[in-house]
Amino acid sequence: MKNFISTPIKKTDHRVKTEGSIQYIADIKWENMLFVKTLRSTRTRAYIEKIHIPTMPEGYFVIDYKDIPGKNILKVIVNDNPVLAEDKVNYIGEPILLVVGPKKDMVLKIVESIVVTYEDRMPILNIEDALDNTIEPIYETDNSFAKYQYEKGDCNDVFQKAYEIFEESFETGYQEHAYIEPQGMVAVYAEDKISVYGSIQCPYYVKNAVVHALGCSENKVRIVQSTTGGGFGGKEDYPSLLGCHVALAALKTKKTVQLIMDRKEDMEVTTKRHPAKLTYKTALDKEGNILGMDIDIKLNGGAYAGLSSVVMQRSLICATGVYNIPHLKVKGKALATNTVPTGAFRGFGAPQSFFAIEMHMGHIAKKLGLDPLEYKKRYMVKTGDSTSTSGFFRDTILLPEMLEEIENLSNYSEKYRTYKEGKCITNKGIGISLFLHGCGFTGSGERDHIRATVKLKKYSNGIVEILVSNVDIGQGLQTTLNKIVSTVLEVPIDKVIYANPDTDRVPDSGPTVASRSLMIVGKLLERAAEHLKEIWVDGKEQEITEHYKHTEFIPWDEKKFTGDAYPTYSWGVNVVEVEVDTITGQIHLSGIWSVFDVGIAIDERIIQGQIEGGMLQGLGYGSLEVMASKKGSIQQKTITDYIIPTAKDVVRMENRLIKNPYKEGPFGAKGAGELTLIGGAPALIAAIENAVNGQFYKTPVTPEDLMEVLEDV
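Predicted model only: the values in this text are computed from it and were never measured.

Below, the discussion takes up the pairing of strand β10 (residues 193–198). Burial within β10 is extensive, with five of its six residues counted as buried. When strand β9 (residues 184–190) meets β10, the two strands line up antiparallel, connected through six bridges. Bridge pairing in β10 places V188 opposite S195. Between β9 and β10, which follow one another and run antiparallel, lie two residues, and E191 among them has a positive phi close to 50°.

As structure tokens, then:
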């Protein structure tokens, strides 16, 4: 079986999910459960002058910041986000207080009857306002949650010697996670202990935040993941806030409480992908060769810092894409604005940078009258090249083989030339994107911050239980981790169990983020299983614990932004073909092809699912998924007016996996979940450019954008 780890099997949760018998958090009912509703700010930026609360009926409660026994700060990275607002609010939707009671309708009526009097202040609504610094800053003195810069080579020298400087600016918008199941939590109070159940990605993140807010010992808080209907990063950081709210409500009422957000509330106030503005300046010699790049990236972090600093880091590290640029200057800021906080999202800052670098490289080639792909090939990184941060690409890079494979699948180059010359009747176009994704946490994060621990427990009946804090959110982790353990132990997969994590039972193996769960946690489980196999005694209970061991190459220096940012990289190439209606501006997909290097697939069908879902999400980011903030208020509040691609919007995808084993991954596997989204938007927009012989500098591209470009062509 070891040689056939990639062979697909039926997912372990296939039956309960397809027959609809599995219960999500909103399906689980507790006796005498109370309901929680959040009173939220209606102002972008204001002082709270007064709150008028009506007389509470018996059995109903109001909870505000004065009820917080610990610290009124959400424990993330930066201590700036209150659990409940005290004297001021910084965005529309910021939580001010909670109303709790036995009848949901009455709870809603009470919330509607509460009157908050504000003293409005001048808001900062966008990146330009945040940089201008003429309005009183939201955060410190310059509105910067984080700012970094790094250099490689001698960028100043090559820019002085350049024959030409080619400069472009790009803009990317919000993206909504659009998970199937909205955010939701239940807290149970029993025997002076709070147990929180919820739709989450990171049980220990929630636990740490709740312990911090309650000011209690760790053994007084327990977090249990309920079956989770999608996350895409949206259930990485935001659930910590909800966890604190339900824990406070349970603590005050001494009852079980439920807080389930409806879709409208979820879309209005939860985190989204960071909008970005990116400026690329490229120094060219007389022959059009790239001498160096000067790159500036700004992210809109919203009202509170959240994870913006680490999203900013990955954006900067990905700034040069898959290209070896010898002389480089990169800087960036994550900025505070009075808008909904932005946060983790599949790709974590990389989709913004890859859109910009892929379009920029294509535009340089067109300016020089060259084929974009042939121009990109000149600069593709090779094994042994230095990374943008002066680390090294140590593992085998198979981009040439991947390009050959995708040419065979899509006939890209011939079609590109044909469509460029306008030799077809309809406005057809084809585009290509090349991309990578660093696997795991940036730099020394796994060693210094996560320090993952996993356990395997063998019972006397031979059943082996996986004890980790990583969660299945639809990506198939329960199946793939079970396959790794059962394959090593050479036992049937139904002899391995892996329940939803409960922090009273599982060690902290880290969050379910950063494409790390399979590669990092899976490797620890592989080692644990090998150890268990060596000491296996029939009929005896045994337990194996395995801790993360860091492989150090060039140490990561976060201050200087130098060194090996990631232990290894996964790679991808996408080709998208479109037909453009020049009368209506509608874009129709006619072909989608991809080739990925994710090491060795632990289950090829699950990877295919990741590819199709990720690519669809990336294509939506490039076209349909328009989300705007008007005067600090999110305008798209339902799935009706925020359009995501459906099966009817796409054609059959043809995908290939290139085997390239990674020795530090389980059975040679690398990260895959985030990689699959990154190349969709740039390939799609390159195809649109090919179809209309125009250029675009923003994503998503709407029919209105397309019509504007057509007027100028």
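This next bit is on helix α10 (residues 372–379). Listed as buried for α10 are P372, L373, Y375, K376 and Y379. Each buried residue of α10 lies within a common arc of 160° when the element is viewed along its axis, so the set occupies one face. The inward-facing, buried residues of α10 contact β13 (276–284), β14 (290–302), α9 (350–367), α11 (399–410), α12 (412–420) and β16 (427–438). Its side-chain oxygen at 2.9 Å from the backbone nitrogen of L373, D371 defines the N-terminal cap of α10.

Here we take up the sheet that holds strand β21 (residues 569–580). Across the sheet, four strands lie side by side as β16-β21-β22-β25; this open sheet has mixed pairing. Two strands in the sheet have a free side with no partner beyond their single neighbour: β16 and β25 (653–657). When strand polarity is set aside, the average angle formed by the axes of neighbouring strands in this sheet is 15°. Bridge count for β21 against strand β22 (residues 587–597) is ten bridges, and the pairing is antiparallel. Along β22, the bridge assignment pairs N574 with S594. Against the sheet, α12 engages β16, β21 and β22, with an angle of about 135° to β16.

Moving on, we get to unusual backbone geometry. Following T699, the chain continues into P700 via a peptide bond in cis, with omega recorded as 0°. Tracing the backbone shows P700 in the loop between β26 (698–699) and α19 (703–712). In this structure, R451 takes a positive phi of about 50° despite not being glycine. Position of R451 relative to the elements: it lies in the loop between α13 (445–450) and β17 (453–458).

Our next topic: the domain arrangement of the protein chain. Interface extent is often summarised as the accessible area lost during association of the parts. When its domains are assigned, the protein chain resolves into domain 1 (34–121 + 188–261), domain 2 (276–442 + 560–712) and domain 3 (452–547). Computed from C-alpha coordinates alone, the two centres of domain 1 and domain 3 are separated by 33 Å. In this complex, domain 1 contributes 20 residues to the contact, which on the side of domain 3 involves 16 residues. Of the roughly 1,400 Å² buried at the junction of domain 1 and domain 3 (both faces included), carbon and sulfur atoms supply 49%. When the buried area of domain 1 at its contact with domain 3 is split by residue, Q201, Y204 and Q225 rank highest and sum to 45% of it. The tally of links from domain 1 across to domain 3 stands at two salt bridges.

What counts, and where the lines are drawn
Residues numbered from 1 in each chain as written. Predicted model: local features only at pLDDT ≥ 70, side-chain atom pairs only at ≥ 80, totals over all residues. Heavy atoms only, no water. Buried < 20%, exposed > 50% of the residue type's maximum accessible area, 1.4 Å probe, protein only. Helix = DSSP H or I, 4+ residues; strand = E, 2+ residues; numbered from the N terminus. Pairing = 2+ DSSP bridges. Arc of directions from axis to C-beta. Contact = heavy atoms within 4.5 Å. Polar contact = N/O pair within 3.5 Å; in protein donor to acceptor, adjacent residues only side chain to side chain. Axes fitted to C-alpha atoms, helices over the stretch in contact; angles between N-to-C directions. Domains from an automatic or database assignment. Buried area = accessible area lost by both parts, 1.4 Å probe. Salt bridge = Lys/Arg side-chain N within 4 Å of Asp/Glu carboxyl O.

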